[in-house]
Amino acid sequence: MPSDLSSFLDDLGRTIMWLLPFGVFGIVSWSFWLVRKLISASTKPVVNDFRTTTTVVVPSYREDPEVLLRCLAGWRRQKPSRIVIVLDLADVEAQRRIEALGHPDVEVIMFKHRGKRSALGVGIRAADTELVVLVDSDTAWEDGMLAAIQMPFIDSAVGAVSTRQNVYLPKTSTWRRVADWIIDQRYYDYAPAMGRFGGVICASGRTSAYRREIILPKLPDLEHEIFLGKECVAGDDGRLTWLVLSEGYRVTHQDSARALSMFPDTFRAFVKQRVRWSRNSYRCYLTAIRRGWIFRVPFISQITVMQILFTPVSMAIALVYIFHSLTAPLPWLAFSMALLWAFVGRGIRGISHLWRRPEDIVILPLVTGITALVALPIKLFALFTMNTQGWLTRSADSVGGEGQSEATLVARAGDGAVGAGRER
Amino acid sequence: MSADDEPDARGADAGGPTAEERGDTLGRGPRALVRVAVAAVFVVALVAVVLVVNGVPHRVSQFVGGIVSAASGADSATVGPTASASAVPSASASAVPSGSASAAPSAPANAVPSASATAAATAPTPTPTAGAPAISGDQALIDAAHAVEATLRPGTTQEPYPVDADDLHQAELVQANDTRWALLSRGLGLDAGAVGTIVVLPAIDRAYTLTDLIERGAVTRVDDATFLVGKTVFVARGATLDLQGAGQTLRLSSGASGFSPLVVWGGTLKLGGAEGAPLAITSWDTAADAPDTTVADGRAYIRVNEGTVAIDRVGLSDLGFWSGRTGGLALTGSSSWASTGSIANTTIDRDHVGLYVESAAKVRLGSSVVSDSVRAGVLVGSDVVTVDIADSTVRGSGASGVDVRQGAYDVSVTGSTLSGNAHYGLEVDGSPRAEGASAGGFTPENSWGLEVSGDTFTGNGKGGATVTGMSDVAFDDVAIDERRSGLVLTDSQGSIADSTVEVDSGDGIVLAGPLTSVTVSGTTVTGTGPSAIAVRDGADDVTRTGNDTSGWTERWQALMWLEAHPLALLWGLLLVIPVLGFAFVFYRARRQRRIRELVEAATIALAARDVARYEAGRGDDVSGPEDTEAGREPAAGHERLDPLDEAVDQWARELHQAAGGAPDVGSEATATHDAADEDSEPVHGVPLRGPRRRVPKSPARTTARYAPVQNETWLLGGPLSARDHGVGETARPPGAARAGGASPTGQPVSGRSSAAPAMTSSRADGEAAAVRPAQPRPAPMVAHTSIGRFSSVEELAVTAVLDAGKPVDRVAAALRVPVGTVAGWVAKARRARGE
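Cut-offs used in this document
- Every chain's residues receive numbers from 1 upward, in the order its sequence appears when written.
- Note on labels: chains are lettered from A, ligands numbered from 1, in written order.
- Local features are withheld for residues below a pLDDT of 70 in this predicted model, meaning they are given only at 70 or higher, and side-chain atom pairs are given and counted only at 80 or more; totals for whole chains, interfaces and linings count all residues.
- Computation of side-chain values: all heavy atoms of the structure, hydrogens and water removed.
- UniProt positions are given in the numbering used here, feature names are shortened, and annotations may be inferred rather than shown by experiment.
- Note on exposure labels: buried denotes an accessible area under 20% of the residue type's maximum, exposed denotes more than 50%, and partly exposed covers the range between, all computed with a 1.4 Å probe on protein chains only.
- Only runs of H or I of at least four residues qualify as helices and only runs of E of at least two qualify as strands under DSSP, and these elements are numbered from the N terminus.
- Any two strands between which DSSP finds at least two bridges are classified as paired.
- The handedness rule is simple: strands pointing away from the viewer, and a clockwise path from the first strand over the helix to the second, make the crossover right-handed.
- In this description, a line fitted to the C-alpha atoms serves as the axis of each element, helices being fitted only across the stretch in contact, and the angle between N-to-C directions of two axes falls anywhere from 0 to 180 degrees.
- Here, residues are in contact when the closest pair of their heavy atoms is within 4.5 Å.
- What sets the label is the angle itself: under 35 degrees gives roughly parallel, over 145 gives roughly antiparallel, 65 to 115 gives roughly perpendicular, and the rest give oblique.

As annotated in an unreviewed UniProt entry, chain B is Right handed beta helix domain-containing protein from Herbiconiux moechotypicola.

Within an unreviewed UniProt entry, the label attached to chain A reads Hyaluronan synthase HasA, and the organism entered is Herbiconiux moechotypicola. Under the Subcellular location (unreviewed entry) heading, UniProt states for chain A: "Cell membrane".

Here it is as structure tokens:
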């Protein structure tokens with residue numbers, strides 16, 4: 001009996017020995033992660049007294065007026081020099097309600113939207129300040145966001161600053177919690193490391209700031225980006241970021257500038273959003289490579305771009321390893337150990353988020369699955385449909401982004417101490 | 001994790017999103033609890049994985065299994081005493097006594113002196129080595145020892161300690177021989193494996209001769225003068241073996257199937273030849289029909305234990321292996337019975353150890369030659385009193401020529417030549433074997449008595465002679481000629497007299513250690529090195545009289561070390577460069593930081609002024625007094641801005657001066673007002689605009705242009721200052737900017753100022769437009785960032801490289817732009833300039 005047990009455990013040990021390293025790819029991927037994690041953890045936000053003139057540019061297309069007005073109040077509280085809201089011609093309800101407020105520093109421009117990029121162009125041209133802060137219509141700012149986002153601009157080589165974002169009311173939906181986890185990983189582990197070397201590869205459009213004089217001459221490149229013969233609709237943020245990077249300016253990340261943005265609360269919308277983002281990133285990074293801009297950014301950014309482009313490959317390798325474990329001497333045990341390791345590894349990578357929000361440990365298996373889903377099928381689908389243009393989650397016949405309207409936050413209607421009510 | 005990750009750290013009531021909106025709904029206490037739980041889950045999972053991977057559960061189960069089986073074994077032992085406990089391979093401690101007792105039923109186990117003897121006694125019908133018939137039973141003894149070991153050692157699954165198999169086999173052979181001699185000398189008979197391979201010569205009233213050996217089958221005659229010793233000859237206590245054979249050769253068979261040593265245990269060995277016709281004794285591999293040169297399977301040797309040896313005119317060659325006592329010719333004894341003897345007119349060639357002496361007294365090696373030993377030529381071990389090496393030669397040893405270990409007294413080496421040995425010619429360690437009470441009971445006293453006179457030391461690898469911890473040392477009339485080290489006496493007492501020491505480069509005579517008490521007299525020391533007679537490491541009782549060191553050239557120790565290690569110099573130089581480089585980099589970084597701080601302060605002040613002007617231009621209808629925020633001045637009319645302007649001026653001046661700029665540059669600039677700015681109002685001309693100059697087109701012109709300016713701001717480590725600190729500024733009416741939004745050409749106009757007037761005018765000839773075709777030409781504006789009068793970092797960088805001649809990498813570092821980017825800009829500008 002003891003010898004049976006010991007040989008069983010011995011086999012188990014061998015099996016795990018065989019599985020654990022997950023091959024060279026695992027080691028490479030983990031060391032990149034660790035390096036970026038360490039750099040990110042040791043990067044502190046810039047703090048100084050630099051404040052200059054800022055225009056908040058908000059392209060808004062069929063946004064739920066409730067959402068827009070709630071966010072507008074938050075932006076005004078931080079006292080930017082101006083706020084320019086570019087509404088679609090059909091957004092008369094929002095126009096009426098904003099103008100009814102009578103704020104002299106808030107300007108509404110009615111404009112027939114031809115995608116977000118055109119609205120951004122109008123808004124940026126209308127701005128007359130040193131900085132323009134591009135904000136999504138459903139994004140709320142944390143206190144001190146506007147002050148913090150200006151600080152890195154004290155360095156005249158900084159052309160753009162990205163901010164840290166999280167999900168608004170994350171506990172109203174499991175998909176929002178998942179999104180919050182994934183986005184946290186980005187801002188805990190990736191963005192600060194790249195920002196430290198001035199090479200953030202995508203200053204997320206939910207809130208980011210640019211030096212106006214740098215992007216002004218580049219607006220035509222933003223508005224009329226042609227990718228394989230088609231004009232691009234989405235992916236304005238990545239495009240703008242690379243236009244700044246290509247000019248040799250630094251794009252940094254300011255972790256103390258924080259914003260909350262609406263995320264979809266249905267799986268369908270979640271997937272659509274991921275598909276759109278994946279297409280955007282493929283187009284954006286392939287363009288950066290084709291135009292040679294990739295060689296002007298720091299090494300860490302180059303590595304990150306490569307890793308993002310090859311995510312389907314690395315995930316495929318990981319999955320192959322996991323399923324290959326079924327050929328091990330103890331197949332089901334090996335398979336379960338491989339799965340366990342996949343969960344634990346995902347947990348380790350999300351350790352920063354788990355520290356911030358430890359209760360999310362319960363969605364660890366879901367996040368692991370979603371990560372695999374995003375990394376392989378969604379990315380692969382996006383890769384082959386890269387040039388399909390469209391916003392997917394916003395359309396002319398609906399109000400608000402799909403799964404992102406104020407109505408999706410029903411749980412909030414109560415006493416204010418809800419938010420997570422649905423989850424409990 | 002930073003503190004601001006905590007939900008309460010960020011003010012939730014200041015108007016920003018609430019804790020609910022952020023999702024921070026878990027209280028502090030529960031959050032901590034959940035954190036601990038999550039951490040515990042991860043730690044446990046990781047620890048489990050690591051343990052399993054390292055096979056700990058396997059080992060634990062084995063351990064538990066061992067305990068279980070031991071317990072059951074004990075149970076069965078109590079149930080029936082006939083249970084074979086020895087059959088349990090993993091015998092626990094309690095099983096050992098019964099195991100060994102039951103495993104040795106037929107041998108005289110009561111008398112066995114040691115475990116290895118047990119092995120011999122318990123050997124179950126050992127089988128001789130396959131192939132040629134064994135000429136000694138060593139392998140059987142080794143197998144038996146292994147069998148016993150197997151019963152004593154349960155852990156057969158452990159990784160073996162890494163040893164060389166040949167080494168292990170040789171050590172086992174030595175052990176097997178020891179066992180056999182122990183058995184034979186106690187009259188316990190032979191181990192089964194050795195039966196028929198040993199001829200024992202008990203004490204009789206006469207000496208045994210070669211004839212006796214032939215009669216007893218130990219020796220066969222090959223030809224008239226050659227005899228093959230095919231069996232081990234063991235001369236028992238009280239017996240004498242006398243082999244006299246002028247010109248004869250005695251071959252001790254030795255090969256893959258075993259070897260036949262000649263062992264005297266308490267008896268007397270006499271070997272002799274005649275002058276010019278010595279008795280030759282060598283090992284002989286019958287298979288190869290040549291002397292045995294392979295030591296991995298053991299080799300024949302001659303050993304005299306607790307006996308007497310008299311060797312005269314004999315040639316020994318190719319004998320011995322592994323240890324001193326099996327080293328070739330060995331004189332050993334015990335604490336109660338020492339060996340003694342003399343070796344004269346003898347040559348010892350290619351033995352493992354030429355002559356090994358241990359626990360012996362009055363041993364003399366005279367007029368002999370010991371050459372090409374694998375290890376030491378003459379090795380004097382412990383418990384030896386009086387060894388004389390006279391008129392002999394010890395050369396070509398693999399270690400020291402004469403190596404005297406701890407516990408040897410009264411050693412003399414006279415009239416001899418010690419040359420070409422790998423270590424020292426003479427190496428003596430007389431230091432005490434123990435400082436106090438010890439298990440071995442050694443004396444705390446050091447050894448005494450070393451006489452070295454009339455000897456020649458030459459060509460030894462490490463040096464002539466080294467003596468440590470010896471008293472009564474006398475070097476007299478010694479000639480030492482070595483490459484590196486002549487004579488080293490450490491913590492020794494005695495004298496060096498009338499000798500000559502010559503070294504190529506190194507130490508002549510070294511006297512080291514606080515216990516040193518040496519007189520050096522009448523000695524000539526020649527060579528090159530730190531000092532002819534070096535006194536080191538606390539040696540103070542040194543008397544020097546009448547020595548001749550005129551032939552000594554002093555050289556620094558460090559220099560000699562460098563000569564001996566030429567690469568070290570290179571490495572050292574390689575180290576110096578980064579050290580200097582670091583100092584330089586540090587210095588420059590500090591200077592740049594100071595400049596940067598000033599630039600930042602100026603930038604902040606200018607930005608604050610921008611904000612104030614912007615608010616002022618929009619009018620008080622927008623921002624009430626309650627809008628005032630840190631870092632922003634209340635909009636209150638232009639006259640209120642003047643103090644701010646002055647502050648900006650002050651920053652700029654400080655910046656200029658901090659960078660070593662001449663004050664007059666600033667004052668000159670103060671007066672400047674740009675005509676192009678006059679259409680804008682109000683004008684708040686900030687001084688320090690540098691004198692207008694055209695941007696030179698070629699580096700040659702640059703040199704000419706910048707030559708007279710000595711103390712300028714070196715923001716980039718180069719003279720750019722006339723423009724760098726040009727923080728001149730004219731405000732643009734914000735209203736106009738808002739209303740216009742685009743220049744007459746249809747291009748959007750930068751709301752902030754972007755191009756310096758000087759730059760604009762200097763490039764009005766179209767050259768600038770060629771450099772940056774994509775850049776819109778804004779109305780004359782002034783820069784107000786650290787870029788100075790340049791409309792972009794690119795322009796600044798290009799000017800710094802092409803016009804000021806700064807290296808691309810330094811410009812890139814100063815501007816914090818990738819080198820490749822700057823290089824790209826420069827290439828583009830070069831093309832635009834038609835260079």
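Q: Lay out the pairing of strand β1 (residues 54-60) of chain A in plain terms, naming residues and giving numbers.
A: Residue and element names in this part refer to chain A. Across the 7 residues of β1, 7 count as buried, placing the element largely inside the fold. Here β1 runs beside strand β4 (residues 131-135); their pairing, made up of 4 bridges, is parallel. Among the inter-strand pairings, Val56 is bridged to a residue of β4, identified as Val133. Handedness of the β-α-β unit built from β1, helix α3 (residues 65-77) and strand β2 (residues 82-88) comes out right-handed.

Q: Please set out the UniProt feature "transmembrane region" (unreviewed entry) in chain B residue by residue, giving values where relevant.
A: The feature "transmembrane region" (unreviewed entry), as annotated in UniProt, sits at residues 32-53 and 568-587 of chain B in this numbering. Note that residues 568-587 of chain B is 100% helix and 0% strand, and that its end C-alpha atoms are spaced 29 Å apart.

Q: Just give me the short version of the sheet that holds strand β36 (residues 517-521) of chain B, but keep the residues and values in it.
A: Backbone-to-backbone hydrogen bonds pair the strands of a sheet. The strands run either parallel or antiparallel. Residue and element names in this part refer to chain B. Strand order across the open sheet formed by 12 strands is β5-β9-β12-β15-β18-β21-β24-β27-β30-β33-β36-β39, with parallel pairing between neighbours. Strands at the two margins of the open sheet, each flanked by one partner only, are β5 (240-244) and β39 (541-545). Pairwise comparison of adjacent strand axes, ignoring direction, gives a mean angle of 5° for this sheet.

Q: Can you explain the side chain of Arg303 of chain B? Please cite residues and give values.
A: Residue and element names in this part refer to chain B. Among the secondary structure elements, Arg303 is positioned in strand β11 (residues 302-305). Of the residues examined, Arg303 reaches a relative accessible area of 7% and is grouped as buried. Ignoring anything within four residues of it in the chain, the contact list for Arg303 reads Asp178, Trp181, Leu262, Val263, Val264, Trp265, Arg325, Ala330 and Thr332.

Q: Quick one: what's the story with the packing of helix α7 (residues 174-196) of chain A against helix α11 (residues 267-290) of chain A, residue by residue and with numbers?
A: Residue and element names in this part refer to chain A. At a closest axis distance of 10 Å, the pairing of α7 and α11 adopts a crossing angle of 30°. Judged on the interaxial angle alone, α11 and α7 are roughly parallel. Packed against α7, whose contacting residues are Trp175, Val178, Ala179 and Ile182, the element α11 presents Phe267, Phe270 and Arg274 at the interface.

Q: Describe the UniProt feature "transmembrane region" (unreviewed entry) in chain A, with residues and values.
A: Residue and element names in this part refer to chain A. According to UniProt, the "transmembrane region" (unreviewed entry) feature falls on residues 15-35, 299-324, 330-349 and 361-384. From the first C-alpha to the last, residues 299-324 spans 34 Å; its make-up is 96% helix and 0% strand. Span residues 361-384 is 88% helix and 0% strand, its end C-alpha atoms 34 Å apart.

Q: Account for the environment of Lys379 of chain A, with residues named and values stated.
A: All names here are of chain A. Tracing the backbone shows Lys379 in helix α16 (residues 364-384). Distance from Lys379 to Ser281, taken between C-alpha atoms, is 9.8 Å for residues 98 residues apart in sequence. Excluding its chain neighbours within four sequence positions, the residues that come into contact with Lys379 are Ser278, Ser281, Tyr282, Ile308, Thr311, Pro312 and Val374.

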